[in-house]
Every structure is written in C-alpha cells, then in structure tokens.
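Chain and residue survey
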Amino acid sequence: MNLWQNIVKTALVGTERQELQFETTDEQLKEIIQNINNKVNNTNDSKIETQDIEGNLLSAAGVISLYQKAGNSPKIGSELNLKTCEPEDDVEYEQVIVNHRMIAQYLSIILAEKNAILLPEWLKLATSVQKTIPPNYLPELLSLGKKNKVLRDSILPLIGKRGRWLAAQNSEWSYAVSGDEETTWKKGSPYAKQLLLKELREKDSKVALKVLEKYWKKQKIEDKTALLDALKINLSIDDEEFLETVLDDKRKQVRDIAGELLASLPESSLVERMILRVSPLISLNNQTNQTNQNNQNNIEIQLPSDCTREMTRDGIDQSKYNSGLGEKASLLLQMLCFIPPKFWSETLNKTPQELIQITTKSEWERLLLEGWVNATIRNKDEAWLLALIEHIPFRLNSGYLQSIEQMIQGLLEILDSTQAQKLILEILSNNQNEAFHQKNPVCKILNVANFYWELELSKTVLYKIHSSIEKNDKKYNFVLENLIKHCSIYMEPTLVDEATQMLTPLVEGNYYWDRIVDEFLGRLRLRSQIRKAFK
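Residues numbered from 1 in each chain as written. Predicted model: local features only at pLDDT ≥ 70, side-chain atom pairs only at ≥ 80, totals over all residues. Heavy atoms only, no water.

The next thing to look at is the overall build of the protein. Secondary structure assignment for the protein yields 30 helices and two strands. With 535 residues in all, the protein has 44% of them scored as buried. Pairs at least 24 apart in sequence give 69% of the contacts found in the protein among residues at least 6 apart. Within the structure as shown, the protein displays about 29800 Å² of accessible surface, and the carbon and sulfur contribution to it stands at 47%. (Helix = DSSP H or I, 4+ residues; strand = E, 2+ residues; numbered from the N terminus. Buried < 20%, exposed > 50% of the residue type's maximum accessible area, 1.4 Å probe, protein only. Contact = heavy atoms within 4.5 Å. Areas by Shrake-Rupley, 256 points an atom, 1.4 Å probe, with all protein chains shown as cover.)

A few words on the pattern of salt bridges. Under the criterion given, the structure shown has 22 salt bridges. Note that glutamate 172 is salt-bridged to lysine 146, the shortest N-O span being 3.4 Å. Note that glutamate 172 is positioned in the loop between α9 (160-167) and α10 (181-187) and lysine 146 in helix α7 (residues 138-147), a separation of 26 residues in sequence. Given the relative accessible area of 39%, lysine 146 is considered partly exposed. We note a salt bridge from aspartate 256 to lysine 252, for which the minimum N-O separation is 2.7 Å. One end of the pair, aspartate 256, and the other, lysine 252, are both in helix α15 (residues 252-263), four residues apart, so they sit about a helical turn from each other. A relative accessible area of 27% means that aspartate 256 is categorised as partly exposed. A relative accessible area of 35% places lysine 252 in the partly exposed class. (Salt bridge = Lys/Arg side-chain N within 4 Å of Asp/Glu carboxyl O.)

So, on to the packing of aromatic side chains. Counted under the stated rule, the structure contains nine aromatic pairs. Ring centres 5.0 Å apart and planes at 5 degrees place the aromatic pair tryptophan 185 and tyrosine 215 in the stacked group. With a gap of 30 residues between them, tryptophan 185 in helix α10 and tyrosine 215 in helix α12 (residues 205-215) connect regions that are remote in the sequence. You can call tryptophan 185 buried: its relative accessible area is 1%. A centroid spacing of 5.5 Å and a plane angle of 45 degrees characterise the contact between tyrosine 452 and tyrosine 490, whose relative ring orientation is tilted. Residue tyrosine 452 is located in the loop between α26 (442-446) and α27 (455-471), and its partner tyrosine 490 is located in helix α28 (residues 478-490); the two are separated by 38 residues in the primary sequence. An aromatic cluster is defined as three or more aromatic residues linked by ring pairs; in this entry it consists of Tyr476, Tyr512 and Trp513. The residue whose ring lies beneath arginine 152 is tyrosine 175, and the NZ or CZ to ring-centre distance is 4.8 Å. When the ring centre of phenylalanine 338 is taken as origin, the NZ or CZ atom of arginine 378, which lies over that ring, is 4.4 Å away. (Phe/Tyr/Trp six-rings, centres within 6.5 Å; stacked < 30°, edge-to-face > 60°. Lys NZ or Arg CZ within 6 Å of the ring centre and 35° of its normal.)

Reading predicted coordinates in detail is not appropriate for stretches of low pLDDT. Across the protein, pLDDT averages 85, with 86% of residues at or above 70. In the model, residues 43-50 has pLDDT below 50 throughout and makes four contacts with residues more than four positions away in sequence or in other chains. Residue range residues 91-96 is modelled with pLDDT below 50. Its contacts to residues more than four positions away, or to other chains, number eight contacts. (pLDDT = per-residue confidence, 0-100.)

On to the packing of helix α6 (residues 119-128) against helix α30 (residues 511-534). For the pair α6 and α30, interaxial distance at closest approach is 10 Å and the crossing angle is 15 degrees. On the basis of their axis angle, the class for α6 and α30 is roughly parallel. As α6 packs across α30, the resulting crossing turns out to be right-handed. Across the interface between the two elements, Glu121, Trp122, Leu125 and Ala126 of α6 pack against Arg527, Ile530, Arg531 and Phe534 of α30. Considering only residue class, the contact of α6 with α30 consists of five nonpolar, no polar and three charged. (Axes fitted to C-alpha atoms, helices over the stretch in contact; angles between N-to-C directions. Parallel < 35°, antiparallel > 145°, perpendicular 65-115°, else oblique. Left-handed = near helix turned anticlockwise from the far one by under 90°. Nonpolar A, V, L, I, M, F, W, Y, C, P; charged D, E, K, R; others polar.)

This next bit is on the side chain of asparagine 297. With respect to the helices and strands, asparagine 297 occurs in strand β2 (residues 295-301). Accessibility expressed as a relative area gives 14% for asparagine 297, which makes it buried. A distance of 2.9 Å separates a polar atom in the side chain of asparagine 297 from a polar atom in the side chain of lysine 350. Contacts of asparagine 297, omitting those with residues within four sequence positions, involve Leu284, Asn285, Asn286, Lys350, Ile358 and Lys361. (Polar contact = N/O pair within 3.5 Å; in protein donor to acceptor, adjacent residues only side chain to side chain.)

Below, the discussion takes up helix α13 (residues 221-230). With seven of ten residues buried, α13 lies mostly within the body of the structure. All of the buried residues in α13 are Asp223, Lys224, Thr225, Ala226, Leu227, Leu228 and Ala230. At its buried positions, α13 is contacted by α10, α11 (190-203), α12, α14 (240-246) and α15.

Spelled out as structure tokens, the structure:
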C-alpha cells in the first residue's frame, strides 16, 4: 500500500481506530513528513495531541498532494539517454492553436469540473479544423484518456509528436505511445495493439485476421478483449472460424465478446444453433373470439428444460438469473437475443408491427420485447427498430438484462444522427400535446439522444421546454430539470438568444427554475462562443 492510500484508509477508518503510518522510500518527502509528525510526539496535552493527530493527517495529505504536483527531478547518470521531442512536421499546424488564447482559455474552462461534459465537443471541433492540444494541457488530457476510453479516441489524433513523446515518459500514458508493428505486438499496451489492428482491418480485414492469429496465443486477457473489439471493423463471415475457436478460451470475458461478434453475423453457425434451440419454443396460436367470431393470434411460449454445456459455450450464462423471470425464462431471454428479428417475421409470416401488437396479449410481453430489442441492436435491423422505438418507452418500465434507457440508446445508434433526429421529430409530433414529465416516454428518448442536434429538432424541443415549464406551473419537476441539462449539451447553441428571450421572463422570481434556466443558458452561450473561436 502506498503512502497516499494509507492516508485515505486512516481518514476513512478514523485516527482513533487506525494508526497513522508514514512509510516512503523518498528521503526528501520522508523528512518533510517527519517534521510534521514530530509536532504530535512533542506535546504533553492529550486533547491537543488528539487534535494534532487529525491535523497531522490533513497536513500530510496536503504536503503529498503538492509534492506530487511538483513532480520529480529526473535521475542524472551515465545510463540516462532521454531524447528530445522531434518537431512537428508542420510548424504552422502546431502553432495555430498554441497561439490562439481564446481556444486554450475555453479548454481551461471546460476542464473545470462543472463543464467537463463539453470536452467531447471541444475535441471534435479541434479535430475538424486540424488543431493540436495546447502543450500545457497535454498531461491532464493524457490522464483523462487513460481513465476514459470514449475520450481516448478523440484525444489521440490531437496530441501531436509532443504528446506521444510525453506519453513515452510516463507508463500511465502508454496507450498513446506508438512504435513499429513488431514492437507493438510484443510490448505495446492493449490499446496500442487495438489501434494497430483497427488500422489493419480498415486496409484489409483478411490480412489483419492472419496477423491477429499469429500473435493471439501470447496475448494477455486485457489484450485479447481489446483486440476482439477491433474485429467489429469490417466484421464478416470470414472471421467466424477464428471466433469459434475463441469460444473455447479459458476466460469468460473473452468468450462473451466472441459470442457477441458471432451473434452479429446472421449467417454464423452460432446463430443457427440458437435458432434450432429457440424456434420450437415460440409459436403462434390462432384463437377464435366468441363475440365476433374473428381469429386472434396469441404467442405461446415453452421454456427450455436446462442450460447445457453447449449452450454455455455459445454464451448463455445460467448465473444471469432474474427473479422476475425465473431461471428457465432467463435462459430463453438470453437465447432470443441471439436470433435475428427478421427470422420471426419470416417464420411467423407477420410484420414487426403485427408481432409487437400481438405481444400485448401475452404474459411474456416484456421478455419478447426485450429479446427483440437486443437482437435488433445486434443486427442493426432498421425495420424492427422503427417498429420498436415507439413501443419500448411506452410499454416497458424496466428491463431484465439492461435498462430502458440503454435499450433506446442502442436502437437510436443504429441510425445516423440525421435519421435519428427525423425519427425523434416524428415521435414528438405524435405526442405534441404531452408536456415533458415523468410519464412522458419522449423524455426517455431525448435523454439518450447523445449527438449534436440540428436546428429543427433543437427549436422543437426548446418550445416544448417552454410550454412544459408553463404547464407545470413552475413547480419542481426532476425529469424536466434533467432533460434541460441534457439539452444544454446537445442542442444547437446558436439558439441561445432566442432561448434567453423565451425562458428568462417565464421563470423570473422563481428561484428553482431561475437557477436551472440560468445554467442552461450559460452552457449554451459557452458552447456558442467556443464554436465561434474555432472558426
């Protein structure tokens, strides 16, 4: 346990229950800490001593924090051979952003905790105009990239040669270090190997697969999971043979990813095996309505008898037991997620809309809908997406395998942002009389629309926010509050003046809504200014 961890543990447990120990191999730091510690040992007043012990802990924490920020002087010796950073290929390319104070200032504001959510947009804008990250922000952003895999892909193209040089000096940033292909495969970080394989997959997926097979057996588990993720690029049936062998890997985490990839290939043997297992368990039964003598379809479900070894190999996890479903129904749900939804349309001779409607009469409605949603996401089936998206937020309050929000987000991600916005506008139009509140499912859709909205959708939502606050009589509304915060991140920022004129008079004198609207307008204005700075 290092010194900082020891201090944190003592602070959590309490100085009366945990003795404060300062153990470090750093002689300079040890001397400073010892001077603080002596102040406790030299006092005879027990009350003061107790207070000093607590103060001693806080003083030590402050000293260590400052000491870490100051950094360490490099050791000087004959073995030291630190090469200086190579200059950028295009000096003008590098200096444009370095000399642009406003862009750097906005980055500083964003890195403050309150506005960190805007960092992806700053990085996207910097990439679009081919800017580099100001050098003094490289350490912080490299550290953020280590913690956040989503940000990592956006940060790396912007660090330049200086960033890669700097990353090589700190093992914590090894993901940003690039080397020759052979060295990367043997000594590179999992992320470096993943990037290399992605590049190879984009050029020639078959050649990339052969390279992966060559080095696969020597990879650690974290390397394998990263490399399998890279296979999503140009994934095809040519990858099936390799992925089938991975299903026999010792690590469940590795096997699960291989199963996910095979499930994305409708023609794979794994999908065929799942169809053979599930198709006998789900059928349509025609029943005659005694009142009007019309035939009505009902879905009949039979539960699987057990989880076999072959099912486990194919990714069915018996431990994913849901008490709301039961053990056997939980197995059926998992298997249903592997089967392309169009199989049911073709086999049962019904459109997606018809099948979804039929489930309203079934006790297995939630199971069927969630299984079809997951299968739709895996297979990127737009026909089923359009049929499901309006039903999921209305008919399901929760999911068995994942949340409703995760399901809706997965469905939206099948479409590009323009298509997704068109779909959301249609749903808003169909529910135009509904204000934004807890029971309005449109809120669930908007809250996971994690892409930058165009003007039409932004305006529509802005007017809806105005009418919702008004209809709510300016009372507390947690759902609407969260939605407004989400809108401030993705709504078109050029609407800030119109939004100010529309919302400020509406909430004047109401502390609760005045604060929410003020934060909303402040973030929109900041985003608008950032965009202007990049032009």
